Amino acid sequence: MLGSSALYAQNAVLLGEIVFEGSLDPAAGYRVAVVQGDFRAEQSATQSGAFSFGNLPSGLCNIRVSSPDGQSFKVLHEQMLNGVKPLELRIEVERPRLELGEVSVSAQAFKTTEETPLSIKNINWSEMQRMPGATLDISKAIQSFPGVLPKSSFGYNISIRGGASSENAYRMDGIDLPTINHFSIQGASGGAVSLLNMDFIQGAALYSGAFPSSMSNVLSGALELDLRQARSDRPGVRITLGATDVGATVEMPLSKRSGLMVSARNSFSQHYFKLFNIPVLPTYQDAQFKYYTRIGDHADLTVLGVGGWDSYRVYTEGRGSDALLYNVGYIPEGEQSTEVLGARYRRFRANGVQTLVVSHDRITNDADKFVGNTREEADRQLRYRSFEDRTRLRYERVWDGENSKFTVGGSLEAVLLGVDMWALKGSLAGVDTTNLQTALGYSQAGLFTSYAKTSQDGRGTLNLGLRMDASNFNLNMVNPLAQLSPRASFKYQLTSHWTANSHVGRYQQMPAGILLAANRANNYGRFTRFTTTDHLGAGVEYQNGKTYRVSMEVYSKRYRNAPFLVNDQIAYANAIGAYVAVGDQPSLPNALGRARGFELFLQQKLKGKYWWMGSYNYGISEFQTTSGEWTPSVWDSRHTLSLTTGKVWGRGWQWGLKWRYSSGTPYTPFNESASALVSSWDILQRGVFDFAQVNSQRLNPFTQLDFRLDKTYSHKGWSLSWFLDLQNLASGDIPLMPYLTVVRDPDTKAPLLDPNDPTRYQMQLLRSDTGRTLPTLGMILEF
C-alpha cells in the first residue's frame, strides 16, 4: 500500500446550487471555479442557481464563487473530491449591495457574522479529518485554535478563554446538544471520545465571545456544527476504522428533494487498553441519523438524532504497579447514556426566514464503587443514579434588508432532573456520609432580538442585541429584567484587507443540573441565581480575500453570582478531579471570577500544495477565595502556542505536523496528614484535597508533537484511504495532577503503616505524567 498506484483517476464530480443567504432563492449567473494546484475549471450557474462539473481530479481543491460583475466572491477552502460520490454543495452568497464608496471592500474568504465579527473560527470536514493528533475527533481538532486549553490537570475538558468546561454550548444544524463527548462528567462537559460521527459534519464554527443572542446558557464558548446533506444520486456506504472504534455510515436519496444518513460506531478500546496496563477499560457505542427534505420551493425540514451509550470498568487484573492499584482503588464503574432527537423547520420568505426548532434530550449517569472492588453491598462506597431530561423549543424570525438585518425570537425549555446518591466522601476530619435524593422540574424561557446595520459605503457594521431569560426555579429568577443581557459589536473596514472589530456583552447561564438538585435537597434552592459574565473584546484582522488571514484580539471577562461550593469552600469553576459528577453539594451564588488575555491567530488555507496555521494565547483566569484573594483557576494556562502545517502531493498523499506548547495549569494539593489516616484510606482509597490551598501548585509546561500521514486510492466506484497518526511523537512528558498514595509492601502490595504513627499509613507522591507515543493506524473505505 505504500507504493504508487494508478488508481487515482480524474473522475470526480462536483454539483450543487448557489442561493442567496437566508433564502433558497437562486443566484443565477454566479461563476464557480474549481482550483486544484495547476488545474482549473470554471462555469456559470444556471437560472436555477445550479452548477455541475464532471471528470475532476480527485483530492483537495478550493472552490471560488464570484458574482457576475466580479465585485464580490466567496472561497470554500479544502473541499475533498473523489470518484466514489459527487461532492454536493449548497453555497450561500450575500445579496448584491449598493455601490461601495472610496474604499474597495475585499470579500471575506473566512466567515464571520454581524454579531460575531472576530471571536469566531471556522473549520471544515477536510481540515478536521486530516488534523494531526485529532484521529477523527472534533473535540481534539479544535484544540489548534487560540483560547482552547490543550490539556487540563485532570480528565478531559473543553475550556475556552479560561472558562470552566460547564460554560459551553453546542448546537448542530440549529438543534441544541447537551454534550458532544462520551464519558462526560455530570456538571461539566468534555470527555475522552467524541460522541459525534465526523462523517456527518460539513463544517464547524467555534465562538469564543460575542455569542449570538439566540444562544442561551453560554458563558465562555460555543460550537456550532453544520451537517452535510445525503448524496442525491444513489446509496453509498462509508466504513471507518478510527483510533478507538469502528463505524459505518449509510446514506441514500429518498426522493429528488430528500435524503437520509444513518451511522453507527462501536468501540474496541477496552481490548487494547489492557496492553498499556491502563486502569479504566471504556466501552461505548453511538448512533446518529439525519433526514432532510425540501418542502416546495421555500421551505425545508431537518430531523436528526444522536445516541451514545457508555460503560466503564476498572482493570483489576492488570500488572500491580502503585499507579494501577491507586487508580483501580478509587475509580468507580458505571454506565452513561446520551440521547437527542430534534427537528428544524425553516420557511424562507422574500425578506428573510422563519425558523422553528423542537428537540428533546436525555442524559443518564449511573455509577457504583465498592471498597476492594468486591461488589459486595457491605463494601459499598458509592451509589449514584441520575437523569436530566430537557425539552426545548425555539422560534426565530429574521428580516434581511438591503443594508440591515433584524432578528427577533424566543425560547422555552422544560427540565426534569433527578439525583439519587449515597457516598462516603473524605474530609479533613475523616469520612463523611453524603445522602442526596431529589427530583425536580422547572422551566426556563427567553426572548431575544438583534439589529445589524451596515453603512452606505459598506465599511462599517454595527450590531445591537438583547436577550432576557427567566426561570420558575425560584423567585430570584422569575423576573426577566433581572437577567437582562445587552450586547453590541462593531466592525469597521480600515482598508481593503484590514478590519477593526470590537464587542461588548453580558451573558447568563442557569447553574448545572447537579447544583440545582443539591441546592433543592439541602434547602439552598432559594439562594440560586443565574451566573453572569460581562465580556469585552477588541482586535484587528487582515484577510487577503483568498487563503490567508491574521487576527489579533484582546479580551476580558468578569464573573458574578457564580456558584460557590459550601462544603469545599471553593468556586464551582475550580471543581475538578472527579469521575462521576462535580458540584454534588450545596452552593451559594457569591463567587467572583475574571479572565483576560491576548490571542494571535495566523492561517494559510490550502494554497498550491501547502497549508499551515499558528495560534498563540496569553490568558489569565482567576477566582476569589473566601479571604478575598485572587488565585488562579484550574483553567489558568497562561501561555499556549500551536503550530500546524501540512502538504498535499503526488497521487493522494498528504502529511501533517502539529507542535504545541502549554505552560502548566494549577491544581489543588492533597492534605497528606488527613489522607494518611487508616480509617479514611481503607474506605476512600484516595487522598483528601486541601482546599485551603486551592490551586497553589502548578504543573510543569509541556510540548507535544503530532504527525499524520494519509494516502488515498480513488476509483470510480470506490475509494480507500489509510492514515498513520502518531500522537506525542517525541514521547515528551505531558504532566497531570500527581497521585498521593500509600507505600506498599513490594511482595504483598499491602499498605505499610507509619512506624511513628500507627493510625496512619506511609504516603508517597507519584507522578502521573503520560509520556508514551500513541499510534493509530486508521482506514476509510467508501463505495
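Model, not experiment: these values are computed from the prediction. (Residues numbered from 1 in each chain as written. Predicted model: local features only at pLDDT ≥ 70, side-chain atom pairs only at ≥ 80, totals over all residues. Heavy atoms only, no water.)

### Regarding the overall build of the chain
Note the following rule: Each helix is a run of DSSP H or I of at least 4 residues and each strand a run of E of at least 2, with the numbering of both proceeding from the N terminus. In this description the radius of gyration comes from C-alpha coordinates, and the expected globular size is given by 2.2 Å times residues to the power 0.38. Three exposure classes are used, based on accessible area relative to the maximum for each residue type with a 1.4 Å probe and protein chains only: buried under 20%, partly exposed in between, and exposed over 50%. Whether two residues are in contact is decided by their heavy atoms, any of which lying within 4.5 Å being enough.
The secondary structure content of the chain amounts to seven helices and 46 strands. A globule of 783 residues ought to have a C-alpha radius of gyration of about 28 Å, and the chain, at 27 Å, matches this closely. Across its three principal directions, the C-alpha atoms of the chain cover 85 × 65 × 45 Å. The buried share of the chain, reckoned over its 783 residues, is 58%. Nonlocal contacts in the chain, meaning residues at least 24 apart in sequence, comprise 67% of its contacts between residues at least 6 apart.

### Overview of the sheet that holds strand E4 (residues 50–56)
Heads up, the condition is: Paired strands are those between which DSSP finds at least two bridges. Structural elements are reduced to axes, namely lines fitted to C-alpha atoms, with helices fitted over the stretch in contact, and the angle between N-to-C directions of any two is expressed from 0 to 180 degrees.
Taken together, the three strands give an open sheet; going across it, the order is E4-E1-E7, and neighbouring strands pair in mixed fashion. Of all strands in the sheet, those with a lone pairing partner are E4 and strand E7 (87–93), marking the two edges. The average angle at which neighbouring strand axes cross in this sheet is 20°, direction not considered. Bridge analysis of strand E1 (residues 12–20) against E4 gives five bridges, and the strand direction is antiparallel. Each residue of the ladder has a partner; that of Ala12, found in E4, is Leu56.

### Quick word on the confidence of the model for the chain
To keep things clear, this is the line we draw: pLDDT measures how confident the predictor is about each residue, on a scale from 0 to 100.
For the chain, the average pLDDT comes to 91, and 97% of its residues sit at 70 or higher. Low pLDDT, under 50, characterises residues 1–8; the stretch is placed with 23 contacts to residues that sit more than four places away or in other chains. Overall, residues 98–107 carries pLDDT values under 50, and its contacts beyond four positions in sequence, including any with other chains, amount to 23 contacts.

### With respect to the nonpolar core
Using the following cut-off: Residues belong to one nonpolar core when they are buried, are Ala, Val, Leu, Ile, Met, Phe, Trp, Tyr or Cys, and are joined through side-chain atoms within 4.5 Å.
Judged by nonpolar contacts, the single largest core of 69 residues is most densely connected at Tyr384 and Tyr442. Here this core takes five residues from strand E23 (residues 404–427), the largest share from any one element. When neighbours within four sequence positions are excluded, Tyr384 is seen to be in contact with Gln186, Asn365, Asp366, Ala367, Val419, Asp420, Met421, Ile514, Val580 and Ala581. Residues Ile123, Ala134, Leu223 and Phe601 belong to the second largest nonpolar core, which totals 35 residues.

### Some remarks on empty space enclosed by the protein
Rolled over the atoms, a probe with the dimensions of a water molecule shows which regions are left empty. Filter applied, for reference: With a 1 Å grid spanning the protein atoms alone, the term cavity applies to any set of points in which a 1.4 Å probe fits but cannot get out, the term pocket to an open set with protein on both sides within 12 Å along at least five of seven lines, and the term lining residue to any residue with an atom within 4 Å of a point. Grid points are joined across faces, edges and corners, and a volume is the space filled by probe spheres set on the points. Throughout, the ten residues Ala, Val, Leu, Ile, Met, Phe, Trp, Tyr, Cys and Pro are labelled nonpolar, Asp, Glu, Lys and Arg are labelled charged, and all others, Gly among them, are labelled polar.
Enumeration according to the criterion identifies 14 cavities of 30 Å³ or more in this entry. Taken as a whole, the second largest cavity encloses approximately 570 Å³ of empty space. If you trace the second largest cavity, you find 31 residues lining it, with Met80, Asn82, Lys85, Trp125 and Arg238 closest to the centre. Its residues placed into classes, the lining of the second largest cavity shows nine nonpolar, 11 polar and 11 charged.

### Regarding the sheet that holds strand E14 (residues 221–227)
One open sheet accounts for five strands, arranged E8-E13-E14-E9-E10; its pairing is mixed. With partners counted over all chains shown, the strands left at the sheet margins are strand E8 (120–124) and strand E10 (175–177), one partner each. Going across the sheet, the axis of each strand differs from the next one's by a mean of 20°, ignoring polarity. Direction of pairing for E8 relative to strand E13 (residues 201–207): antiparallel, over a ladder of five bridges. Its bridge partner lying in E13, Ile123 is registered against Ala204.

### Concerning helix H4 (residues 322–330)
Where H4 is concerned, the buried positions are Leu324, Tyr326, Asn327, Val328, Gly329 and Tyr330. Where the residues of H4 are buried, they touch strand E19 (299–314), strand E21 (352–370), strand E37 (670–671), helix H7 (678–684) and strand E42 (739–742).

### Some points on the environment of Tyr618
Residue placement: Tyr618 occurs in strand E32 (residues 610–624). Sequence separation between Tyr618 and Gln762 is 144 residues; the distance between their C-alpha atoms is 41 Å. With residues near it in sequence (within four places) discarded, Tyr618 still touches Tyr555, Arg596, Gly597, Phe598, Arg638 and His639.

### Section: the environment of Gly652
Within the element layout of this structure, Gly652 appears in the loop between strand E34 (638–649) and strand E35 (653–662). With a relative accessible area of 10%, Gly652 lands in the buried category. Between the alpha carbons of Gly652 and Arg161 there is a distance of 37 Å; along the sequence they are 491 residues apart.

### Quick notes on the packing of aromatic side chains
Our working rule: We call Phe, Tyr and Trp rings a pair once their centres come within 6.5 Å, taking the six-membered ring for Trp, and we label the pair stacked below 30 degrees between planes, edge-to-face above 60, and tilted otherwise.
The full count for this structure, using the stated rule, is 21 aromatic pairs. Look at Tyr524 and Phe527: their rings are 5.7 Å apart centre to centre, the planes differ by 65°, and that puts the pair in the edge-to-face class. The partly exposed category is assigned to Tyr524, whose relative accessible area is 23%. Classification of Phe527 by relative accessible area gives partly exposed; the value is 31%. With a centroid separation of 5.9 Å and 90° between ring planes, the pair formed by Trp653 and Trp722 is classed as edge-to-face.

### With respect to helix H5 (residues 513–521)
The element H5 is extensively covered by neighbouring structure, given that seven of its nine residues are classed as buried. Residues of H5 that are buried in the fold lie against strand E22 (380–400), E23, strand E24 (430–454), strand E29 (548–565) and strand E31 (587–607). Backbone geometry just downstream of H5 places Asn523 in the positive-phi region, at approximately 60°.

### Quick look at the pattern of salt bridges
Which entries qualify depends on this criterion: Put simply, a salt bridge is a Lys or Arg side-chain nitrogen that is within 4 Å of an Asp or Glu carboxyl oxygen.
Evaluation of the coordinates by the stated rule reveals 48 salt bridges. In this structure, Arg638 engages Asp636 in a salt bridge whose closest nitrogen and oxygen atoms are separated by 2.7 Å. Judged by relative accessible area, Arg638 falls into the partly exposed class, the value being 24%. On the accessibility criterion, Asp636 (0% relative accessible area) is buried. One salt-bridge network, in which partners are shared between bridges, spans Lys85, Asp199, Arg228, Arg238, Glu251 and Glu782.

### Some details on the environment of Trp630
Within the fold, Trp630 resides in strand E33 (residues 630–632). Looking at Trp630, the relative accessible area reads 25%, which means it is partly exposed. Residues Trp630 and Leu592, 38 residues apart in the sequence, show an inter-C-alpha distance of 9.1 Å.

### What about the pairing of E29?
Pairing analysis gives 12 bridges linking strand E28 (residues 531–543) to E29, with the strands arranged antiparallel. The partner of Tyr542 across the bridge, within E29, is Val550. Two strands pair when backbone bridges link them, and E29 and E31 are joined in this way by 15 bridges, in the antiparallel orientation. Directly across from Leu565, in E31, lies its bridge partner Ser587.

### Details of the pairing of E21
Here strand E20 (residues 333–349) pairs with E21 via 17 bridges, running antiparallel. Paired with Gly342 across the strands is Ser359, a residue of E21. As defined by bridge partners, E21 adjoins E22 across 19 bridges and the pair is classed as antiparallel. What sits directly across from Ser359, in E22, is Arg392.

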